[in-house]
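Fold and contact review
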Amino acid sequence: MPFILLILFGYLLGSVPFGLLIGLSQGKDLRKIGSGNIGATNTGRILGKKWGILCFFLDVLKGLIPMLSVPLLGLVDDPGPLQLTLWLLVGVAAVLGHVFPVYLKFKGGKGVATSLGIVLGLWPYYTICGMITFIVWIACVFISRYVSVASIIAAVCFPIFLSIAIFAKDTWLFTELWPLVVLASLMALLVIVRHRDNIKRLREGSETKVFQPKTNSES
């Protein structure tokens, strides 16, 4: 029962459209401007860097708070596959809330920042590999200037880094931690699917870059 309530809490918290609320507070509906996405990238592009950073921080908290609630309530001690799965489902519910928010007729963001909240909240397994993945994301942003490309690459790298870590560390047993790899792979797949419009724009050469002035051709 506690896990069921936490999964519901995660979904409802994840459904809170912080990007949209920030935009509306500034007199702009992000669903109708730029890429139409309510995430941090479009928020920063339309409203400015500080608002994009605030949106990113709040979206990360949507995944982090539910994940931290599980150990704070004493629901995991020495987690095996079942406890890990239930713990992860609490965070996954938050990501699904962000992607399919009940408050916006199930039309939300891409889930990257909220997924980062899950990564930061599941210490040490996800957190260590997640920080390495975050470095990869930063590097890809600066090299490609495309947030979408960096997000897709990071999503693919994370389950790979996690698998390498599990097999490299003697105290991390795959027989106990396999749910982490499965959920990480599913989250990566969700991120890629949610970026299908970005992939289309990349192929057409119309995807917006960061760290450069806007042009009329950018969408």
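These numbers were taken from a predicted model, which means no experiment stands behind them.

So, about the overall build of the protein chain. Helix and strand counts for the protein chain come out as 10 helices and 0 strands. Across its three principal axes, the protein chain shows a C-alpha extent of roughly 55 × 35 × 25 Å. Taken over 219 residues, the protein chain has a buried fraction of 48%. The long-range fraction of contacts in the protein chain, counting pairs at least 24 apart against all pairs at least 6 apart in sequence, stands at 65%. Averaging the locations of the 19 positively and 10 negatively charged side chains of the protein chain gives two centres separated by 14 Å.

Of all 10 residues making up helix H6 (residues 112-121), 8 are buried, and the element is well covered by its neighbours. If you follow the buried residues of H6, they end up packed against helix H4 (49-72), helix H5 (81-99), helix H7 (125-144), helix H8 (147-168) and helix H9 (174-194).

So, on to unusual backbone geometry. Going from tryptophan 123 to proline 124, the amide bond is cis rather than trans, its omega being 0°. Relative to the elements of secondary structure, proline 124 occurs in the loop between H6 and H7. In this structure, phenylalanine 106 takes a positive phi of about 65° despite not being glycine. With respect to the helices, strands and loops of the structure, phenylalanine 106 is situated in the loop between H5 and H6.

A separate point is the environment of isoleucine 164. Note that isoleucine 164 resides in helix H8. A sequence separation of 21 residues divides isoleucine 164 from serine 185, and the C-alpha atoms of the two residues are 14 Å apart.

Axes are the key here: two packed helices are described by the angle between their axes and the distance separating the axes. As a packed pair, helix H2 (residues 18-25) and H4 sit with axes 9 Å apart at the nearest point and diverge in direction by 150°. Where H2 crosses over H4, the two elements pack in a sense that is right-handed. Two secondary-structure elements touch here, H2 through Phe18, Gly19 and Ile22 and H4 through Trp51, Leu54, Cys55, Leu58, Asp59 and Lys62. Its residues placed into classes, the contact of H2 with H4 shows 6 nonpolar, 1 polar and 2 charged.

Here the focus is the nonpolar core. The biggest cluster of nonpolar side chains holds 29 residues, and the ones touching the most others in it are Val70, Leu122, Tyr126, Leu162 and Leu180. The dominant element in this core, judged by the number of residues it contributes, is H5, at 7 residues. Not counting residues within four places of it along the chain, the set of residues in contact with valine 70 comprises Phe3, Leu6, Leu75, Val76, Trp87 and Val90.

Per the stated rule, a full pass over the model turns up 3 salt bridges. Taking the shortest distance from any N to any O, the salt bridge between aspartate 29 and arginine 31 comes out at 3.0 Å.

Taken as a whole, this structure holds 4 aromatic pairs when the rule is applied. Aromatic side chains phenylalanine 134 and tryptophan 137 sit 5.7 Å apart centroid to centroid with 5° between the ring planes, which places their arrangement in the stacked category. Pair noted here: phenylalanine 134 and tryptophan 137 are both in helix H7, with a separation of 3 residues, about one helical turn. Owing to a relative accessible area of 21%, tryptophan 137 belongs among the partly exposed residues under this scheme. On the numbers, 5.6 Å between centres and 15° between planes, the contact of phenylalanine 167 with phenylalanine 174 is stacked.

With that settled, consider the side chain of arginine 194. With respect to the helices and strands, arginine 194 occurs in helix H9. No salt bridge is formed by the buried arginine 194, whose closest oppositely charged neighbour, aspartate 197, lies at an N-O distance of 7.6 Å. From its side chain, arginine 194 meets the backbone oxygen of glycine 108 in a polar contact 3.0 Å long. Of the polar contacts made by the side chain of arginine 194, one reaches the backbone oxygen of glycine 109; its length is 3.0 Å. Here arginine 194 is in contact with Val99, Phe100, Gly108, Gly109 and Lys110, once residues within four sequence places are set aside.

Reading the values: rules and limits
- Residues numbered from 1 in each chain as written.
- Predicted model: local features only at pLDDT ≥ 70, side-chain atom pairs only at ≥ 80, totals over all residues.
- Heavy atoms only, no water.
- Helix = DSSP H or I, 4+ residues; strand = E, 2+ residues; numbered from the N terminus.
- Buried < 20%, exposed > 50% of the residue type's maximum accessible area, 1.4 Å probe, protein only.
- Contact = heavy atoms within 4.5 Å.
- Lys, Arg positive; Asp, Glu negative; His and termini not counted.
- Charge placed at Lys NZ, Arg CZ, Asp CG, Glu CD.
- Axes fitted to C-alpha atoms, helices over the stretch in contact; angles between N-to-C directions.
- Left-handed = near helix turned anticlockwise from the far one by under 90°.
- Nonpolar A, V, L, I, M, F, W, Y, C, P; charged D, E, K, R; others polar.
- Core = buried A, V, L, I, M, F, W, Y, C linked by side-chain atoms within 4.5 Å.
- Salt bridge = Lys/Arg side-chain N within 4 Å of Asp/Glu carboxyl O.
- Phe/Tyr/Trp six-rings, centres within 6.5 Å; stacked < 30°, edge-to-face > 60°.
- Polar contact = N/O pair within 3.5 Å; in protein donor to acceptor, adjacent residues only side chain to side chain.

Coordinates in, geometry out; function isn't part of it.
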